[in-house]
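Secondary and tertiary structure notes
Spelled out from the first residue to the last, the chains are:
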Amino acid sequence: MSSIVSLADRINALEESATLGMTKKARELAALGHKVISLSVGEPDFKTPKHICDAAKKAIDDGFHGYSPVAGYPDLRKAIADKLKRDNNIEWNPENIVVSTGAKHSLANVISTLVNPGEEVIIFAPYWVSYSEMVKLAEGTSVIVDGAFDNNFKVTPEQFEAAITPKTKLVMFASPNNPTGSVYTEAELRAIGAIVAKHPNIFVMADEIYEYINFTEAGHFSIGSIPEIKDQVITVNGVAKGHAMTGWRIGFIAAAKWIADGVEKLQGQVTSGTNSIAQKAATVAFNGPLDEAYKMKEAYLRRRDLVVGLLREIEGFKVNMPDGAFYAFPDVSYYFGKSDGTTTIKDSDDFSMWLLAEAFVATVAGTSFGAPDCVRISTAAADEQLVEACARIKNSVAKLK
Ligand code: PMP
Ligand code: GLU
């Protein structure tokens, strides 16, 4: 019997992560000697700040080598509770916080903890690739609600309300958003919150992983700070993006105690407490200072302006202005049906693959983000690389007729 035949149905039904899949392809081409510019994975190109690295070295020397408590070390959970109060106006005790192996793990934990087979999860689209697959693993049903390009890809409160059914269990979205960079304003989140308040059986998963990469004047607003729905909101965040710590794998949830307890129970059977050294480093990250995080944000803002400006010069590209995160998300549907004489571009998957083969620029097709007309381009790369990539894209698409 081949190994494919013996895989469980849930794995056969699961899509490969498009972000990681495209990054793998880019690495393979680079290993063959091609000058690939990889703008596929969403990953800061900065190093983790030194004071955070120093804390990890100290943790090794101080002997933090053993199993940690399943929900995380007490000083880390306290640092997170303090951070939530300081930055987000959310008051939870350390017992409401569970630390996991990256925000991705935190999101998956919550979905598995809350969603029963057949229950509906409303996902605001465009959405991060893994949301719908995590729901699939939990045997829930994703209900995708599309944010319109003209509303900067944001879902309106009216659209959200119209998607609610008696089976709705959870609504989830990221602000700032991956892949669009859109930021929901306080007014928009309060309007969404007012609808949630009318449905005590519905929960909100607020993915705030790009919190510190927010270019708006008003800054970040956390839906979890609205008192009427405090117990219904699960706030998810981590250190990957804001502190340039993707490889350290620390994320957390902050939620009502019964939800936190459920996640802790699940984690206790599946992974145990996450890496002890990374937890000590993350404690320092959460306690601050945030100077380095703000410096990185300024660089991302400069690159956003650079890339959006260059992409808007390309014929047929429709480009929104991201208010946060580090992605550009042009609508490239102008090129669907066009051909370079050999390959005809049918959709964004074709476009992204063609661009990789033709220009050696790795992007991610919008299909897996629930936005099949677009491609995602990470702007977390050196300015010269971004300029070179945009020039390659411009020259390549000129061949499509
Ligand atoms: N949410 C969003 C919107 C993301 O883009 C990512 C990408 N890393 C994650 C969650 C997961 O973050 P982490 O690396 O902490 O698992
Ligand atoms: N969140 C990043 C991205 O969207 C990292 C890759 C991943 O975990 O999917 O590219």
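Residues numbered from 1 in each chain as written. Chains lettered and ligands numbered in written order. Predicted model: local features only at pLDDT ≥ 70, side-chain atom pairs only at ≥ 80, totals over all residues. Heavy atoms only, no water.

1. Considering the site of ligand 2
Taken together, S17, T19, L20, V41, G42, K104, W128, N178, K241, Y327 and R376 form the complete shell of residues around ligand 2. The backbone of G42 places a nitrogen or oxygen atom 2.6 Å from an oxygen atom of ligand 2. Against a free-state accessible area of 280 Å², the protein chains account for coverage of 87% of ligand 2. A class-by-class count of the residues in the shell around ligand 2 yields four nonpolar, four polar and three charged. (Near = heavy atom within 4 Å. Polar contact = N/O pair within 3.5 Å; in protein donor to acceptor, adjacent residues only side chain to side chain. Areas by Shrake-Rupley, 256 points an atom, 1.4 Å probe, with all protein chains shown as cover. Nonpolar A, V, L, I, M, F, W, Y, C, P; charged D, E, K, R; others polar.)

2. Topic: the sheet that holds strand 4 (residues 141-146)
The sheet built from seven strands is open, its strands ordered 2-8-7-6-5-3-4 with mixed pairing. Of all strands in the sheet, those with a lone pairing partner are strand 2 (97-100) and strand 4, marking the two edges. Each strand axis lies, on average, 20 degrees off the axis of its neighbour in the sheet, ignoring direction. One ladder, built from four bridges, connects strand 2 with strand 8 (residues 251-254); its direction is antiparallel. Each residue of the ladder has a partner; that of I97, found in strand 8, is A254. Packing against the sheet, helix 5 (residues 74-88) makes contact with strand 2, strand 7 (233-238) and strand 8, and its axis sits at approximately 115 degrees to strand 2. (Pairing = 2+ DSSP bridges. Helix = DSSP H or I, 4+ residues; strand = E, 2+ residues; numbered from the N terminus. Axes fitted to C-alpha atoms, helices over the stretch in contact; angles between N-to-C directions. Contact = heavy atoms within 4.5 Å.)

3. Digging into the UniProt feature "domain: Aminotransferase class I/classII large" (unreviewed entry) in the chain
In this numbering, the UniProt entry assigns the feature "domain: Aminotransferase class I/classII large" (unreviewed entry) to residues 35-393. Note that residues 35-393 is 38% helix and 14% strand, and that its end C-alpha atoms are spaced 14 Å apart. (UniProt positions renumbered as here; feature names shortened; annotations may be inferred.)

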